[in-house]
Amino acid sequence: MSVPAFIDITEEDQASELRAYIKAKGAEISEENSEGGLHVDLAQIIEACDVCLKDDDKEVESVMNSIVSLLLILETEKQETLIESLCEKLVKSREGERPSLRMQLLSNLFHGMDETAPVRYTVYCSLIKVATTCNAIAFIPTDLDQVRKWITDWNLNTEKKHTLLRLVYEALVECKKSEAAAKVMVELLGSYTEDNASQARVDAHRCIVRALKDPNTFLLDHLLALKPVRFLEGELLHDLLTIFVSAKLAAYVKFYQSNKDFIDSLGLNHEQNMAKMCLLTFMGMAVEFKEISFDTMQQELQLEEDQVEAFVIDAVRTKMVYCKIDQTQRKVIVR
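About the criteria used
Residues numbered from 1 in each chain as written. Predicted model: local features only at pLDDT ≥ 70, side-chain atom pairs only at ≥ 80, totals over all residues. Heavy atoms only, no water. Salt bridge = Lys/Arg side-chain N within 4 Å of Asp/Glu carboxyl O. Helix = DSSP H or I, 4+ residues; strand = E, 2+ residues; numbered from the N terminus. Buried < 20%, exposed > 50% of the residue type's maximum accessible area, 1.4 Å probe, protein only. Pairing = 2+ DSSP bridges. Axes fitted to C-alpha atoms, helices over the stretch in contact; angles between N-to-C directions. 1 Å grid on protein atoms, 1.4 Å probe; cavity = no way out; pocket = protein on both sides within 12 Å on 5 of 7 lines; lining within 4 Å. Points joined across faces, edges and corners; volume = space filled by probe spheres on them. Polar contact = N/O pair within 3.5 Å; in protein donor to acceptor, adjacent residues only side chain to side chain.

Some words on the pattern of salt bridges
And then number 1: Inspection of the entire model under this criterion finds 17 salt bridges.
And then number 2: A salt bridge links Lys248 to Glu300; the nearest nitrogen and oxygen atoms lie 4.0 Å apart. Placement of the pair is Lys248 in the loop between helix 13 (236-246) and helix 14 (249-258) and Glu300 in helix 17 (residues 294-301), with a sequence separation of 52 residues.
And then number 3: Here Glu305 and Arg330 are joined by a salt bridge, their closest N and O atoms 3.4 Å apart. Of this pair, Glu305 sits in the loop between helix 17 and helix 18 (308-317) while Arg330 sits in the loop between strand 2 (323-326) and strand 3 (331-334); the two residues are 25 residues apart in sequence, bridging distant segments of the chain.
And then number 4: The class of Glu305 is exposed, set by a relative accessible area of 52%.
And then number 5: What makes Arg330 partly exposed here is its relative accessible area of 28%.

What follows is the structure, given as structure tokens:
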């Protein structure tokens, strides 16, 4: 990828131009190039480049892209520390300070590097952080298959792999892509082993609560098979998840009556839980019976007689169950 620079001059002259520009903006930096070489010059320029990110000068974009272009021509072993330093600067800039410019610079850096360069991990994580602050995550590649490929290409260790997946998950939740976020969280939890599953407690807790809270998530049984979730067996949260997976509405009501404060502490809404459990209970009934009487529905789902038809219509709208109402026979016929 071609990254914009000042003009076609030597790297030393370009560094000198950058020093002069940044100094003129008020940074404490010498106009004279270092005797240590280009990587030392860039280290000092990056350290002082904050002043550019606060400025609306039209030249700032070219100046910052010039820094990026110089970074990309350095030897690989000299790049990593400088790239990490620049990423830290771009992420830590206060909200409102040129977020689109910071995203563009990180994107230029990311796409200008070799696809298998391990330091791309740092750039990608920084890109997600900046995009999340300005509600621009939709412009960042977060497809799970692509993320898996990068994890392999960059040869990430377990800690970095978990950090990356967690960042992508939180970004997707932030922009309300709940289905994609759920897939990433399952990928994260599935990457733990028996040996380190206990370390995933926070992730497992977050995953379960998010799934229970999401009004469009009904299939939850796969979560029980995940090692970090199995590690929670015997705890109230695991009991609650098990109810949503395999029990009926009455079991949830009984659990709520005994653990109201716990439900509230999770940030879950009881009425929404009741609505989801009603639907899950009805789905279970629909699997077992092809015809369900109104009386049975009223009893199992705790509905009033005049609520049955409206409930069935709402259930069909979810596309999780297909059925029709026989008003004469006062029953629901499952297709």
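Quick look at the sheet that holds strand 2
And then number 1: Strands sit in the order 1-3-2 across an open sheet of 3 strands; the sheet is antiparallel. Every other strand in the sheet has two partners, leaving strand 1 (291-293) and strand 2 as the edge strands with one partner each. Direction aside, the axes of adjacent strands within the sheet are offset by 20° on average.
And then number 2: In the sheet, strand 1 pairs with strand 3 via 3 bridges, with the strands oriented antiparallel.

A closer look at unusual backbone geometry
And then number 1: Backbone geometry places Gln302, a non-glycine residue, at a positive phi of 55°.
And then number 2: Relative to the elements of secondary structure, Gln302 occurs in the loop between helix 17 and helix 18.
And then number 3: Backbone geometry places Arg330, a non-glycine residue, at a positive phi of 50°.

Some details on the layout of surface pockets
And then number 1: Approximately 410 Å³ is the volume found for the largest pocket.
And then number 2: In this structure, the largest pocket is lined by 19 residues; those nearest its centre are Ser178, Glu179, Ala182, Asp214 and Thr217.
And then number 3: With 6 residues, the single largest contributor to the lining of the largest pocket is helix 10 (residues 178-190).

Quick look at the side chain of Arg102
And then number 1: Within the secondary structure, Arg102 is located in helix 6 (residues 99-112).
And then number 2: We classify Arg102 as buried; its relative accessible area is 2%.
And then number 3: Of note is the side chain of Arg102, whose polar atom sits 2.8 Å from the backbone oxygen of Leu90.

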